[in-house]
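So the chains spell out like this:
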Amino acid sequence: MPSIVSINSTITSTYNSYFGSYNQDETGSGSGIILKISDDEILIVTNNHVISDAKKIMVGFNGASEDDMVQATVKGTDSTRDLAVVLVKTKDVPKNILKNITAAEIGSSDDMQVGQMAIAIGNALGYGQSMTVGYISAKDRTVAVDEGTNMTLLQTDAAINPGNSGGALLNSDGQVIGINSAKYADTSVEGMGFAIPISDAISVINDLMDREVLTDDEKGYLGISGTNITESDQQQMPNIPVGIYVREVSEDGAAKDAGIMVGDIIVGIGDEEITTIKELSEKVNSYRVGTKITLKIKRNENGKYKEKKIKVTLKGKDTLNSISGSDSSSNSSQDNSSDSNNNGSNGNNGSQGNNGNSGNNGNNGNSGNNGSQGNSSEDDMQNFYNYFFGGSGN
């Protein structure tokens, strides 16, 4: 299909042996969907986990050989919704290949009915483009993605294999109704594949397509470290809202200047809900230094959380130095979710991970936007009990 591409992502994994630790480059395979072709650029949507932490991304177009693969850069990511948009410069694509590709036609997942035909297309197992056919088995299926995080997905019995992640789920008219993801496939049961509904994803995709590609020095930063508060945390602390608990504030950072305090819980940027530190990081880093944004926070006042809107002028990464454990390459903090073993590309390399995904990176926690690694989630929970209840959480 001329609007489907293959994606090879190279990441560096660290391994430990009797002789010490060593680094090794590994390549994983995934798929993508062409959304826009202009004289300057080609925009492709895929799953975030296909390109997460990649130091090199190569895209293969329909009819192209491996030697004709073109390097891509990340334009925007949303890890919470597992979406990413990558950019290829049009001038880098050979003319004989360029004339054979088209942008995909977007359909409506909302209009699909259970029992209607579904076609999954992608780079299964890294062997090249292939197609499987099935039916929509269920809509609005809630799937546990990570600890405390759920996604609402389309379920299909069309086979979605490692390497298919980021590829298209089509209706019988050839329109995209979903973005396939092998990451969420249930390997213990046959005939259960999942896709991100396109009607839910399109607004996020449009935002990612509109983002500006920035260098680290151009990106804006808040200057905090934080910890995720999930719905499962609320079972132990019913009054605490879901969001990012601010653990530490840089002395010369943007958050400090705006009046953000330790103990505040960040729940949104503008009108957009934010629930994880990585999501906060990706959104804030998409703005330039000096950009003014409005943070939505909840602050504990006499035992009750009250919502406040605070205007923040973002600063550069040089304002992160006062946060413990911060370094020059990242400026975020502990993530309580359990996605740390699946940061590599979906599917098809030498280090097989969970649910058919390559477990290329054993990093603990997510690097994001505002500080240091932080403590383990067990330590965080103990600190929360001490902070809110004045005693032990045991």
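Everything that follows concerns the structure shown earlier in this document.
In what follows, the accompanying structure is described. (Residues numbered from 1 in each chain as written. Predicted model: local features only at pLDDT ≥ 70, side-chain atom pairs only at ≥ 80, totals over all residues. Heavy atoms only, no water.)

## Let's talk about the pattern of salt bridges
Moving on, step 1. Following the criterion strictly, the structure yields 16 salt bridges and no others.
Moving on, step 2. For D216, the salt bridge goes to K219, with nearest N and O atoms at 3.3 Å.
Moving on, step 3. Salt-bridge contacts for K315 lead to D257; the nearest nitrogen and oxygen are separated by 2.6 Å. With K315 in the loop between β18 (304–313) and α7 (377–389) and D257 in helix α5 (residues 254–258), this pair connects stretches of sequence that are 58 residues apart.
Moving on, step 4. Judged by relative accessible area, which is 26%, K315 ranks as partly exposed.
Moving on, step 5. Look at D257 and you get exposed, because its relative accessible area is 52%.
Moving on, step 6. Salt bridges linked by common partners bring D207, R211, E272 and K283 together as one network. (Salt bridge = Lys/Arg side-chain N within 4 Å of Asp/Glu carboxyl O. Helix = DSSP H or I, 4+ residues; strand = E, 2+ residues; numbered from the N terminus. Buried < 20%, exposed > 50% of the residue type's maximum accessible area, 1.4 Å probe, protein only.)

## Looking at helix α3 (residues 198–210)
Structurally, the α-helix is built with 3.6 residues per turn, so residues lying three or four positions apart point the same way.
Moving on, step 1. When the terminal C-alpha atoms of α3 are compared, their 18 Å separation across 13 residues agrees well with the 18 Å that a helix rising 1.5 Å per residue should span.
Moving on, step 2. Along α3, the helix axis deviates most sharply at V204, where the bend reaches about 25°.
Moving on, step 3. Those residues of α3 lying buried are I198, A201, V204, I205, L208 and M209.
Moving on, step 4. Along its buried surface, α3 packs onto β2 (20–37), β3 (41–46), β5 (70–78), β6 (83–89), β11 (176–181) and β12 (193–197). (Expected span 1.5 Å × (residues − 1). Bend = angle between axes of the 7 residues up to and from the residue. Contact = heavy atoms within 4.5 Å.)

## Considerations on empty space enclosed by the protein
Moving on, step 1. Applying the stated criterion across every chain, the model contains two cavities of 30 Å³ or more.
Moving on, step 2. When its volume is computed, the second largest cavity comes out at roughly 40 Å³.
Moving on, step 3. Along its surface, the second largest cavity is lined by T77, D78, R211, E272, E279, E282 and K283.
Moving on, step 4. Among the elements of the structure, β5 and α6 (277–285) are those that each provide at least two residues to the lining of the second largest cavity.
Moving on, step 5. Top contributing element to the lining of the second largest cavity by residue count: α6, with three residues.
Moving on, step 6. A class-by-class count of the residues in the lining of the second largest cavity yields no nonpolar, one polar and six charged. (1 Å grid on protein atoms, 1.4 Å probe; cavity = no way out; pocket = protein on both sides within 12 Å on 5 of 7 lines; lining within 4 Å. Points joined across faces, edges and corners; volume = space filled by probe spheres on them. Nonpolar A, V, L, I, M, F, W, Y, C, P; charged D, E, K, R; others polar.)

## Re unusual backbone geometry
Moving on, step 1. Even without being a glycine, D82 presents a positive backbone phi close to 55°.
Moving on, step 2. Its identity as a non-glycine residue notwithstanding, N302 has a phi of 60°, on the positive side.
Moving on, step 3. As for its placement among the helices and strands, N302 is situated in the loop between β17 (292–301) and β18.

## As for the sheet that holds β5
Moving on, step 1. With antiparallel pairing, six strands are arranged side by side around a closed barrel as β1-β2-β3-β6-β5-β4. On average, each strand axis in the sheet is inclined to that of its neighbour by 40°, with strand direction left out of account.
Moving on, step 2. Two elements, strand β1 (residues 4–17) and β2, share 14 bridges in a ladder whose sense is antiparallel. Residue pairing for β2: S6 is matched across the bridge by S31.
Moving on, step 3. Its contacts with the sheet place α3 against β2, β3, β5 and β6, and it is angled at close to 40° to β6. (Pairing = 2+ DSSP bridges. Axes fitted to C-alpha atoms, helices over the stretch in contact; angles between N-to-C directions.)

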